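Analysis of the macromolecular model
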Amino acid sequence: MRHARRRVVRRVTRLAAVGGLLLGGAMVTNAVASEPPAPVIGVPFTAPPATGEGTDLVSRLGNARTAGSWIDSAGRPVVAVTDEKAAAEVKRAGAQAKMVRHSMSDLKSAASTLRSAPRVAGTSWALDYKSNQVVVRGDSTVSASAWSRMTEVAEGIGSFVRMERTEGTFTTRINGAQPILSTAGRCSAGFNVTDGKSDFILTAGHCGPDGSVWFADDRGRQQVGTSLRGSFPGDDYSLVKYDGGRAGKGADVVAVGDGKGVRITGVADAEVGQKIFRSGSTSGLRQGEVTALNATVNYPEGTVTGLIETNVCAEPGDSGGPMFADGIAIGLTSGGSGDCKAGGTTFFQPVTKALTELGVKLIVAKSSGGTGAAPAPSASPGAASPGSSAPITGTDVSTLLSRLTDPRNVGPGMLVIGGSLVALVATRWIRAEQDRKAYRQYYSATWG
């Protein structure tokens, strides 16, 4: 067994070195010397998909009469309503109605008031539809005096603003999935996208400034592409343009480790209560649930709004990686607190907004087996330092650093030196057996 494991590690490392990486999201196929075997692919079908019915009802009834929607444990849509007439309309549509005191307008007004208050790094807030509250969290870096000032603001808004302290630290999760390496650190590819002329990797914006050059190996020899058109803070997305212009074969595949992959067939907005998966090289394949939407996080580097809040864990090393469900692209790993031992909160940049703002389309699987482009929609413990990277490991690190710190390899006027870079750790694609079982349960089509 030990010898077999060594052979697997050597084989995966060799594939990474020639640039044919499965980057925890899209398959990076640019600049391949020899193409790796195609992964075992299945279109997931057993996970109950988000219906979108609740979202449609909220849109139709309006913010004054509703306060969001979610999916219950049985996969049925639930809509929060503020009057009996709205409740009757929801029931006629076949969904469940829950009477609440505060409307979506109230919740959004509360969030706007919090946003206009003096910024406090290490805090976040999100709209909790199930409890009909706005939940404000402060991490371990927030001082007692700063927390007291925020509490006064919350009390001025009303009792539906709930204050919570968390032991972790809200940090961007730089590094991640199967790595792409640059002067800015190590991140992961999320999904492959196209503008019709060129193909790109869609990843997190905090991974590096425009002009950052990315490599597929720890020696800086296999260049993947260059960052452009990113947004961070405010949003958290960016594009990495492939040097050859094309993503190549397997562009519609999300890798989940052990040679397994899931074809991406579309893109959608998240729904509260939705079961989701995300992938990253530090913590592997993990499952969780969407807990809130429209989250705001005050990272030390700046404020990001409109994020998806989840209870799936993540660790430094997971930034930019894909969040998906039922073969549908949903988000890109942004940041959070905690780790995968004690648990935590992780925030994701919605893919739908990134596609719209960037003017690109997701590369997805066609029913015939080819690939197409999905149109952009309309519109805890174990704290890590902000934007931290894991320690450098592996050989020839000095060679990589010397090339990555070359001013010609970064955008004009900015040279970002990542605190450290991490070599490929192929054996950590899926760290826990429980995640394998969960994956089989929801995506049984993938497993032979």
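A brief report on the enclosed structure follows. Every value quoted in this text rests on a predicted model; they were computed, and no experiment measured them.

What follows concerns the overall build of the chain. When you go through the chain residue by residue, the secondary structure sums to eight helices and 28 strands. Scored against the burial criterion, the 448 residues of the chain give a buried share of 57%.

Counting residues in hydrophobic clusters, the biggest one holds 34 residues, and the most contacted among them are Tyr129, Val134 and Ile308. Of all the elements in the fold, those that place two or more residues in this core are β4 (66-71), β5 (77-81), α4 (104-116), β7 (123-128), β8 (133-138), α5 (144-157), β22 (284-299) and β24 (322-325). At five residues, the largest contribution of residues to this core is made by α4. When neighbours within four sequence positions are excluded, valine 134 is seen to be in contact with Leu107, Ala110, Leu114, Trp125, Ala126, Leu127, Phe160, Val161 and Arg162. The next biggest cluster of nonpolar side chains, apart from the first, holds 23 residues, and it includes Leu202, Val254, Leu285 and Val364.

The first and last C-alpha atoms of α4 sit 18 Å apart over 13 residues, in line with the 18 Å expected at 1.5 Å per residue. Those residues of α4 that sit buried are Met104, Leu107, Ala110, Ala111 and Leu114. Seen end-on, α4 carries its buried residues on one side only, within an arc spanning 130°. Close packing links the buried residues of α4 with β4, β7, β8, α5 and β9 (161-165).

In this section: the packing of aromatic side chains. Tallied over the full model, the rule gives three aromatic pairs. Taking 5.8 Å as the distance between ring centres and 65° as the angle between the ring planes, the aromatic pair formed by phenylalanine 170 and phenylalanine 347 counts as edge-to-face. One end of the pair, phenylalanine 170, is in the loop between β9 and β10 (171-172); the other, phenylalanine 347, is in strand β26 (residues 343-350), with 177 residues separating them in the sequence. For phenylalanine 170, a relative accessible area of 1% gives the class buried. Exposure remark for phenylalanine 347: the relative accessible area of 1% places this residue in the buried category.

Across all of its chains, the model carries one disulfide by this definition. Residue pairing for cysteine 313: its cysteine sulfur links by disulfide to cysteine 340, the two sulfurs lying 2.0 Å apart. On the sign convention where negative means left-handed, the S-S torsion of about 95° between cysteine 313 and cysteine 340 marks this disulfide as right-handed. Here cysteine 340 lies in the loop between β25 (328-339) and β26 and cysteine 313 lies in the loop between β23 (302-310) and β24, a separation of 27 residues in the sequence.

Next up on the list: the environment of phenylalanine 324. In this structure, phenylalanine 324 sits in strand β24. Considered as a pair, phenylalanine 324 and valine 262 are 62 residues apart in the sequence and their alpha carbons are 9.7 Å apart.

Parameters and conventions
Residues numbered from 1 in each chain as written. Predicted model: local features only at pLDDT ≥ 70, side-chain atom pairs only at ≥ 80, totals over all residues. Heavy atoms only, no water. Helix = DSSP H or I, 4+ residues; strand = E, 2+ residues; numbered from the N terminus. Buried < 20%, exposed > 50% of the residue type's maximum accessible area, 1.4 Å probe, protein only. Core = buried A, V, L, I, M, F, W, Y, C linked by side-chain atoms within 4.5 Å. Contact = heavy atoms within 4.5 Å. Expected span 1.5 Å × (residues − 1). Arc of directions from axis to C-beta. Phe/Tyr/Trp six-rings, centres within 6.5 Å; stacked < 30°, edge-to-face > 60°. Disulfide = S-S within 2.5 Å.

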